[in-house]
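Understanding the architecture of this molecule
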Amino acid sequence: MHNVELFLTLLLAGFGVGALVGLTGVGGGSLMTPLLISVLHVKAVVAIGTDLLFAAITKSSGAWVHARRGNVEWRLTLWLCAGSVPAALVTLLWLSQQTTGENNATTLTRPALGVALIFTACAVAFRPRLLAWLRRTATPSSHPAQLSLRNTVLIGAVLGAVVTLTSVGAGALGVTALLVLYPLLPFPRIVGSDIAHAVPLTFIAGTGHMAMGNVDFALLGGLLVGSLPGIYFGSKLSARVPEAILRVLLCALLIVAAYKMFSLK
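What comes next concerns the included structure. (Residues numbered from 1 in each chain as written. Predicted model: local features only at pLDDT ≥ 70, side-chain atom pairs only at ≥ 80, totals over all residues. Heavy atoms only, no water.)

1. Let's talk about the environment of Val-42
Its location among the elements puts Val-42 in the loop between helix 2 (29-38) and helix 3 (44-68). In sequence terms Val-42 and Leu-219 are 177 residues apart; their C-alpha atoms lie 9.7 Å from each other. Sequence-distant contacts of Val-42, that is, excluding residues within four places in its chain, are made with Leu-36, Ile-37, Ala-47 and Leu-219. (Helix = DSSP H or I, 4+ residues; strand = E, 2+ residues; numbered from the N terminus. Contact = heavy atoms within 4.5 Å.)

Have a look at this one:
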């Protein structure tokens, strides 16, 4: 594929994924990484590393907006980082020792990505019912004023490992986990706290992958240029598309992407 053709393809891919992120609110890792692997035939570890830095850059603006609106529970974000950052560093160290060849790296990361996509699809599909049930049965201990440090750090650690290994989980999985722990926390504050936590996590994980040579900067640039107008377009369109239709569409895309991760050779 010629350079111009590749750049145009990246612009379209970035725009498409950006539009879906704007429409559904689900992080680009769940959509971008499978697209890079299955459609553009990018190596799994390079797709993951590049997408992690992509997420760190794009989520920074979202975190800033949520912080200005008072939608970040900083104490909650800090304790998530207390679990996720060490877990990310340990996972990076383990990857650097295990991925001695391209085939070994693919064997490790692609099935893990498929599993993460299935869990993300389930989180998207069942989140409204789960949230309704949790809020009906919530107790005062579910309020963030009664912050469960151990459980919050544990969730952060799981997210840190999963995100570093697959680039998936900082969005839908993180939000769903926080809903389970703190159902009385207003939803915008859960989203804002999750995005604020994702910025240092994806930056550290992406930097680690970059040190291992798993980041393609030309790929990253093309995706960034295409995604920004895509996110704007999707955000404008989201108000006109019923939420139920968006949820079904996103779940279908995630299941297809997961199938691709298991079926590719």
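Text resumes after the structure shown.
2. Observations regarding the side chain of Arg-127
Examined against the element boundaries, Arg-127 turns out to sit in helix 5 (residues 102-137). Taking the relative accessible area as the measure of exposure, Arg-127 reaches 18% and is therefore buried. Contacts of Arg-127, omitting those with residues within four sequence positions, involve Ala-172, Val-175, Thr-176, Leu-179 and Phe-187. (Buried < 20%, exposed > 50% of the residue type's maximum accessible area, 1.4 Å probe, protein only.)

3. Quick notes on the nonpolar core
Considering soluble globular proteins, one finds that nonpolar side chains tend to be buried as a cluster. In this structure, Leu-36, Val-42, Leu-117, Leu-223 and Leu-254 are the most contacted members of the largest nonpolar core, which totals 33 residues. Mapped by element, the contributors of at least two residues to this core are helix 1 (3-24), helix 2, helix 3, helix 5, helix 9 (217-238) and helix 10 (243-263). In terms of nonpolar packing, the next biggest core, distinct from the first, is built from 15 residues, Leu-80, Ala-123, Leu-159 and Leu-185 among them. (Core = buried A, V, L, I, M, F, W, Y, C linked by side-chain atoms within 4.5 Å.)

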